[in-house]
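# Summary of the model geometry
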Amino acid sequence: MFEFLLRMGDNTLVLGHRVSEWCGHSPVLEEDIALANISLDLIGQTRMWLGLAGEIEGKGRDADALAFRRDAWDFHNLLICERPNRDYGHTLMRQFLFDLWHHERLADLCLSEEGRVAEIAAKCVKEADYHLERSKDLIVRLGDGTSESHEKMQAALEALWPYVGEMFTDDEVDTAMKEVGIAPLPSRQRPRYDAALNAILSKATLARPESDFTHRGGRYGTHTEDLGHMLAQMQFLQRAYPDARW
Amino acid sequence: MVSEAQIWAWLEDVPDPEIPVLSLVDLGVIRGVEVCDEKVVVKVTPTYSGCPATTIINLDIETKLHAMGVQNLHLKQQISPPWSTDWIKPEAHEKLRRYGIAPPKAGSPNCPRCGSANTELLSQFGSTPCKSHYKCSDCLEPFDAFKCL
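Residues numbered from 1 in each chain as written. Chains lettered and ligands numbered in written order. Predicted model: local features only at pLDDT ≥ 70, side-chain atom pairs only at ≥ 80, totals over all residues. Heavy atoms only, no water.

## Focus: unusual backbone geometry
Quick reminder of the rule: What counts as a helix is a DSSP run of H or I of at least four residues, what counts as a strand is a run of E of at least two, and both are numbered from the N terminus.
Following Ser80 of chain B, the chain continues into Pro81 of chain B via a peptide bond in cis, with omega recorded as -10°. The residue Pro81 of chain B is located in the loop between strand S3 (72-77) and helix H4 (90-99) in this model. Despite not being glycine, Arg86 of chain A has its phi angle at roughly 50°, a positive value. Within the element layout of this structure, Arg86 of chain A appears in the loop between helix H4 (79-82) and helix H5 (88-109).

See the structure below:
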């Protein structure tokens, strides 16, 4: 269960930090505020997942210790969460592909037989709901926008597509979670994800890539080079000045 | 010994750090108060999980109750059932409107200034995580509206 909670918390932490990198740099003020708010939600959710993970582990590590004192190979997030922001379209496409998965996953976890997991999921799903509303809206507007915005969104989709399959891979942790009623298998979610995805992509006039190839490894600690760079920045303060407070 | 009702009354005087016309009790984030011997337990629920005001809310509760002489205070976070805008007290809606924030409502909010229903969403996210930004198409004033959660 510790492993399962780490995965949930690491997804929201890593993506939350990535999104926060836009703060002060977004193309328009409203978007800057929106991204900062989404980032705050994700990091707030992280505090609940990693807080519970630390409790279950029982070694005295709290959410901060887990966030700031682990190295890249101990992070178990999906690779899509750590992909760099690149241009705005790329950031929004990453958010959309994640939100669509995240919202469904949380809805499933609301039914978890582990009360604490169900409680956290019920809290997070309300936020994931409006994140997804926003992502869907923007994907359609930009996909079906000018020829330049369309091209950028299609390129972002092609670049991120090989990271989507990892969301639906099952392993021994997932099997164990299913057996004790904590969480259903990730693969069960794929048909629902595909149906919703296809509907939005067609509204956005974007073409779904054909290849089924997927990168994987994030959930076991095998990451892209980008995560290390991100952690170097995110963890600097706590590494240089352990237990610093202000 | 201090009574639970007394603690509630004191908490009604603690304003929300972001929207000071509302008290923490109005906002519906105080889930329970228990007094047992000399120990006071206050259960607090977060609004949005990432709301930066959460820690300030806890600090304000501590400051208020310590000032009123409560020594043995425990704050407990309670996330279930999750907070939603339905937890905001009905009488607090009018306070929000007078402050210039449209209270939470399904569908488009009414302009808090002229009351018009002819309003337009400018941005899903406003000055704080809990608000969206709107414009009134009649009086043309921009305003914040409490997001329905």
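That was the structure; now back to the text.
## Overview of the side chain of Arg105 of chain A
All names here are of chain A. We apply this condition: Note on classification: 1.4 Å probe, protein chains only; a residue is buried when its accessible area is under 20% of the maximum for its type, exposed when over 50%, partly exposed between these limits. Positive charges come from Lys and Arg alone, negative charges from Asp and Glu alone, with His and the N- and C-terminal ends not counted. What makes a salt bridge here is a side-chain nitrogen of Lys or Arg within 4 Å of a carboxyl oxygen of Asp or Glu, nothing more. The criterion used for residue contact is that any of the two residues' heavy atoms lie within 4.5 Å.
Here Arg105 lies in helix H5. Despite its burial, Arg105 remains without a salt bridge, the nearest opposite charge being carried by Asp174 at 4.5 Å. For Arg105, the residues in contact, after removing those within four places along its chain, are Phe4, Met8, Asp174, Ala183, Pro184, Leu185, Pro186 and Gln189.

## Let's talk about the packing of aromatic side chains
The condition that has to hold: Ring pairs shown here join Phe, Tyr and Trp side chains whose ring centres sit within 6.5 Å, with only the six-membered ring taken for Trp; geometry is labelled stacked below 30 degrees between planes, edge-to-face above 60, and tilted in between.
Enumeration over the complete set of coordinates arrives at 7 aromatic pairs over all chains. A centroid spacing of 5.0 Å and a plane angle of 80° characterise the contact between Trp22 of chain A and Tyr88 of chain A, whose relative ring orientation is edge-to-face. On the criterion of sequence distance, the pair formed by Trp22 of chain A in the loop between helix H1 (2-20) and helix H2 (29-57) and Tyr88 of chain A in helix H5 is long-range, its members being 66 residues apart. For the residue pair Trp22 of chain A and Tyr88 of chain A, the accessibility class agrees, reading buried in each case. A ring pair is formed by Tyr130 of chain A and Phe125 of chain B, whose centres lie 5.9 Å apart and whose planes are at 65°; its orientation type is edge-to-face. Of this pair, Tyr130 of chain A sits in helix H6 (residues 115-143) while Phe125 of chain B sits in the loop between strand S5 (119-123) and strand S6 (131-136), which puts the two residues in different chains. With respect to burial, Tyr130 of chain A and Phe125 of chain B carry one shared label: buried.

## Focus: the domain arrangement of chain B
All names here are of chain B. Going by this rule: These domain boundaries are the output of an automatic or database domain assignment. Values labelled buried area give the accessible surface lost by two parts on being combined, using a 1.4 Å probe and summing over both. Residues adjacent in sequence count toward polar contacts only when both atoms are side-chain atoms; beyond that, a polar contact is any pair of N or O atoms within 3.5 Å, and within protein one must be able to donate a hydrogen and the other to accept it.
Considered domain by domain, chain B is made up of domain 1 (4-83) and domain 2 (88-146). One C-alpha centre belongs to domain 1, the other to domain 2; they are set 26 Å apart. With 11 residues of domain 1 at the interface, the matching set in domain 2 holds 12 residues. In total, domain 1 and domain 2 occlude about 1100 Å² of area from one another, counting both sides; carbon and sulfur atoms represent 72% of this. Considering only the surface of domain 1 that becomes buried against domain 2, Ile19, Val21 and Asp26 emerge as the three largest contributors, covering 44% of it. At the junction of domain 1 with domain 2, the criterion picks out 1 salt bridge. Of the charged contacts, one joins Asp26 and Lys95 as a salt bridge, the two residues approaching to 2.6 Å between their closest N and O atoms. Applying the counting criterion to the domain 1 and domain 2 interface returns 3 residue pairs in polar contact (both at pLDDT 80 or more).

## Re the packing of H2 of chain A against H6 of chain A
Axis angle and axis distance: for two packed helices, these are the angle between their axes and the distance between the axes, and together they describe the pair. All names here are of chain A. Short version of the rule: What counts as an axis is a line fitted to C-alpha atoms, over the stretch in contact for a helix, and the angles between N-to-C directions run from 0 to 180 degrees. By the definition adopted for this analysis, an angle is roughly parallel if under 35 degrees, roughly antiparallel if over 145, roughly perpendicular if from 65 to 115, and oblique otherwise. Each helix crossing is assigned a hand: it is left-handed if the near helix lies turned anticlockwise from the far helix by less than a right angle, otherwise right-handed if that turn is clockwise. Each residue gets one label: Ala, Val, Leu, Ile, Met, Phe, Trp, Tyr, Cys and Pro are nonpolar, Asp, Glu, Lys and Arg are charged, and the others, such as Gly, are polar.
Running from N to C, H2 and H6 point in directions that differ by 160°, and their axes come no closer than 11 Å. By the angle class used here, H2 and H6 are roughly antiparallel. Here H2 and H6 pass one another in a crossing that is left-handed. Contacts from Glu31, Ala34, Leu35, Ile38, Asp41, Leu42, Gln45, Met48, Trp49, Leu52, Glu55 and Ile56 in H2 reach Arg116, Val117, Ile120, Ala121, Lys123, Cys124, Glu127, Tyr130, His131, Arg134 and Leu138 in H6. Here the contact of H2 with H6 is composed, by residue class, of 14 nonpolar, 2 polar and 7 charged.

## Section: the environment of Thr46 of chain A
Residues and elements named next belong to chain A. Mapped onto the fold, Thr46 is located in helix H2. Note: C-alpha distance between Thr46 and Leu13 (33 residues apart in sequence) is 5.5 Å. Setting aside anything within four residues of it in sequence, one finds Thr46 in contact with Gly9, Thr12, Leu13 and Gly51. A distance of 2.8 Å separates a polar side-chain atom of Thr46 from the backbone oxygen of Leu42.

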